[in-house]
Amino acid sequence: MQKLTLPAPAKLNLWLHIIGRRADGYHELETVFQFLDHGDELSFALRDDGVIRLHTEIEAVPHDSNLIVRAARMLQAQSGTTLGADIWLTKVLPMGGGIGGGSSDAATTLLALAHLWQLDWDEDRLAALGLSLGADVPVFVRGHAAFAQGVGEQLTPVDPIEPWYVVLVPQVSVSTVEIFSHPQLTRDSLPLKMRPVPEGNSRNDCQPVVEQNYPEVRNALNSLGKFTEARLTGTGSCVFGAFPSKAEADKVLALLSATQTGFVAKGSNISMLHRKLQSLVKKSSA
Ligand SMILES: C[C@](O)(CO)[C@H](O)COP(=O)(O)OP(=O)(O)OC[C@H]1O[C@@H](n2ccc(N)nc2=O)[C@H](O)[C@@H]1O
Ligand SMILES: Nc1ncnc2c1ncn2[C@@H]1O[C@H](COP(=O)(O)OP(=O)(O)OP(=O)(O)O)[C@@H](O)[C@H]1O
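Rules used throughout
- Residues numbered from 1 in each chain as written.
- Chains lettered and ligands numbered in written order.
- Predicted model: local features only at pLDDT ≥ 70, side-chain atom pairs only at ≥ 80, totals over all residues.
- Heavy atoms only, no water.
- Helix = DSSP H or I, 4+ residues; strand = E, 2+ residues; numbered from the N terminus.
- Rg over C-alpha atoms; globule rule 2.2 N^0.38 Å.
- Buried < 20%, exposed > 50% of the residue type's maximum accessible area, 1.4 Å probe, protein only.
- Contact = heavy atoms within 4.5 Å.
- Areas by Shrake-Rupley, 256 points an atom, 1.4 Å probe, with all protein chains shown as cover.
- UniProt positions renumbered as here; feature names shortened; annotations may be inferred.
- Near = heavy atom within 4 Å.
- Polar contact = N/O pair within 3.5 Å; in protein donor to acceptor, adjacent residues only side chain to side chain.
- Nonpolar A, V, L, I, M, F, W, Y, C, P; charged D, E, K, R; others polar.

**Q** I'm lost on the overall build of the protein chain in this one. Help?
**A** Across its full length, the protein chain holds nine helices and ten strands. A compact globule built from 286 residues would reach a C-alpha radius of gyration of about 19 Å, and the protein chain, at 19 Å, matches this within 12%. Principal axes of the C-alpha set define a box for the protein chain whose edges measure 55 × 45 × 40 Å. Each of the 286 residues in the protein chain was classed as buried or not, and the buried ones make up 50%. Residue pairs at least 24 apart in sequence account for 75% of intrachain contacts in the protein chain once pairs closer than 6 positions are excluded. Of the roughly 13,200 Å² of accessible surface on the protein chain, a fraction of 53% belongs to carbon and sulfur atoms.

Take a look at the structure:
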């Protein structure tokens, strides 16, 4: 049987400001998302009996709670299709790392199944469904680096420089809920339009609380910070720093390898999922 194999890339929050809290407890953010050329991989095969089956287990994530299965079932229910799918996952991205692994898996599933099931769903509709699975899902559905507002769903495409990053992966999982409910979290940063220019876009408001509660993250920030400006992505645990070339990034990771785990990846303003989908469309219309 023919399989459709697609990537599910990671994201970084290049900076992240929390400007308020909504009545439902969700936080209003301003952040810039950029993708990495590094991620999970998913394969999909059509089933005509309506069953959604994920063949790869993730430890501590029950089949029915996996964002891949939830995304597939939701799309199936809302589109009314009678088709199903077999799905295989190669998990590369750390969980609870703030690089959006689960959200990206969900977005890849939505785009892959919309294609396999030949649904006439546009990106707006898929992004709206994605938002009900998680605040980070819409940017992966859209596939373009973006300035995000709201809870992360109001997206304006941007094109920041695309450096090479060292991403350190502290061996600890940070709970997004725990950080967003922390009493000491900064929740009153000024919105971009009211911010004085010198204040810039130079921080992640989650970082002080995460550093304080997770020594492994503090340690990673200090280690990478000796070579370049190091910052937390999302609610962590991963931290990143930018370098002008792969050689320099590789060198720094090698120097840190005795005490840190991590990887080197290129920043990308068009996600590798969308690059792959575009090449499939080109091939099929050639
Ligand atoms: C931190 C970021 O990764 C930055 O991109 C995202 O805002 C988090 O996105 P996500 O992992 O998709 O988060 P969700 O699964 O939607 O939310 C997990 C939990 O985080 C809190 N949460 C999340 C997003 C947000 N803007 N405000 C929040 O307060 C809520 O308690 C929510 O129950
Ligand atoms: N396919 C999946 N991959 C990873 N985690 C999943 C998946 N499905 C459900 N989860 C659950 O979602 C939680 C968060 O996973 P994820 O990898 O998205 O974290 P994250 O990188 O911190 O995300 P974010 O940056 O969106 O906060 C996991 O701890 C896990 O319980």
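From this point, things continue past the structure.
**Q** It is not clear to me how the UniProt feature "domain: GHMP kinase C-terminal" (unreviewed entry) in the protein chain should be interpreted in this structure. Could you clarify?
**A** Within the UniProt annotation, "domain: GHMP kinase C-terminal" (unreviewed entry) is assigned to residues 201-254. Along residues 201-254 one finds 48% helix and 13% strand; the C-alpha atoms at either end are 29 Å apart.

**Q** Sorry if this is basic, but what is going on with the site of ligand 2 here?
**A** Around ligand 2, a shell composed of 21 residues is seen, among which N66, L67, G98, G102 and D136 lie nearest. For ligand 2, an oxygen atom lies 2.9 Å from a polar atom in the backbone of G98. Here D136 contributes a side-chain N or O atom positioned 2.7 Å from an oxygen atom of ligand 2. Coverage of ligand 2 by the protein amounts to 79% of the 610 Å² it exposes when considered alone. Among the secondary structure elements, those contributing two or more residues to the shell around ligand 2 are helix 1 (67-79) and helix 2 (101-116). Per-element accounting of the shell around ligand 2 gives the leading share, four residues, to helix 2. When its residues are assigned to classes, the shell around ligand 2 shows seven nonpolar, ten polar and four charged.

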